[in-house]
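# Observations on chain architecture
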Amino acid sequence: MSISEPSSRPVPMPATRAERLADRLARYSWRTLLFSIAVGLLGGLLVALFPSGGETPRRRPGPENAPIIISTLGYGLTVLPDGPSLLTGIWDLLHGRRTSAGRRLLVFFGPVVFLAGTEIVPHLLNPCFIALELAGRRFPGMCDYGDWGADYAERWHLLNHTVVGALPFTLIYRRALRR
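Cut-off values and rules
- Residues numbered from 1 in each chain as written.
- Predicted model: local features only at pLDDT ≥ 70, side-chain atom pairs only at ≥ 80, totals over all residues.
- Heavy atoms only, no water.
- Bend = angle between axes of the 7 residues up to and from the residue.
- Helix = DSSP H or I, 4+ residues; strand = E, 2+ residues; numbered from the N terminus.
- Buried < 20%, exposed > 50% of the residue type's maximum accessible area, 1.4 Å probe, protein only.
- Contact = heavy atoms within 4.5 Å.
- Axes fitted to C-alpha atoms, helices over the stretch in contact; angles between N-to-C directions.
- Parallel < 35°, antiparallel > 145°, perpendicular 65-115°, else oblique.
- Left-handed = near helix turned anticlockwise from the far one by under 90°.
- Nonpolar A, V, L, I, M, F, W, Y, C, P; charged D, E, K, R; others polar.
- Pairing = 2+ DSSP bridges.
- Core = buried A, V, L, I, M, F, W, Y, C linked by side-chain atoms within 4.5 Å.

### Looking at helix 4 (residues 98-124)
A maximum bend of about 35 degrees is found in helix 4 at Gly117. Those residues of helix 4 not exposed but buried are Ala101, Arg104, Leu105, Val107, Phe108, Gly110, Pro111, Phe114, Gly117, Thr118 and Pro122. Contact partners of the buried residues in helix 4: helix 1 (17-49), helix 2 (66-77), helix 3 (83-94) and helix 6 (154-178).

Here you go:
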């Protein structure tokens, strides 16, 4: 296969056991990612609508922390099963199969970028910080203000990371995989 071939050609079935294993693990990784997003959405919504106590960010762990722990752990676990895709992608690259290598490397690096984007982008697009710094306005109940700056209140934090970070990066990643 060369780079100049159109992408509409059918992709050949993986020939080696390593390629089949990498593809199977990539499917498990995708399911883990979707499950983690569902937990983040549902858990974030429940925690936001039914807070259980104070709004201080350093409270003791309780049942309301389970959704953020499960979703964050799930996001991290999406990278691990994609290790064989990284190895087979490097192997394909070394053997001149650029199209196949690109797809397999995307399967590995997509979740890495997803994880970084899910943690960074919601803090960059934070309306609490933007409103306070640029307009001098406060959103009581939705935002916390302290020495560290303005950020979402603890009860809205998981929902913010899921809606602003995880969902858009999942759509971008899925679109890239389909190309």
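### Notes on the packing of helix 4 against helix 6
For the pair helix 4 and helix 6, interaxial distance at closest approach is 8 Å and the crossing angle is 155 degrees. Here helix 4 lies roughly antiparallel to helix 6, going by the angle between them. In this structure, helix 4 crosses over helix 6, and the sense of that crossing is right-handed. Of the residues assigned to the contact of helix 4 with helix 6, the class counts are 13 nonpolar, nine polar and three charged.

### Quick word on the pairing of strand 1 (residues 143-146)
One ladder, built from four bridges, connects strand 1 with strand 2 (residues 149-152); its direction is antiparallel. Bridge pairing links Asp144 to Asp151 in strand 2. Hairpin remark: strand 1 followed by strand 2, antiparallel, with two residues in the connecting loop.

### Describing the nonpolar core
Counting residues in hydrophobic clusters, the biggest one holds 11 residues: Ala26, Trp30, Leu33, Ile37, Tyr75, Val107, Phe114, Ala166, Phe169, Tyr173 and Leu177. Listed by contribution, the elements that provide at least two residues to this core are helix 1, helix 4 and helix 6. In contact with Leu177, not counting residues within four places along its chain, are Arg103, Leu106 and Val107.

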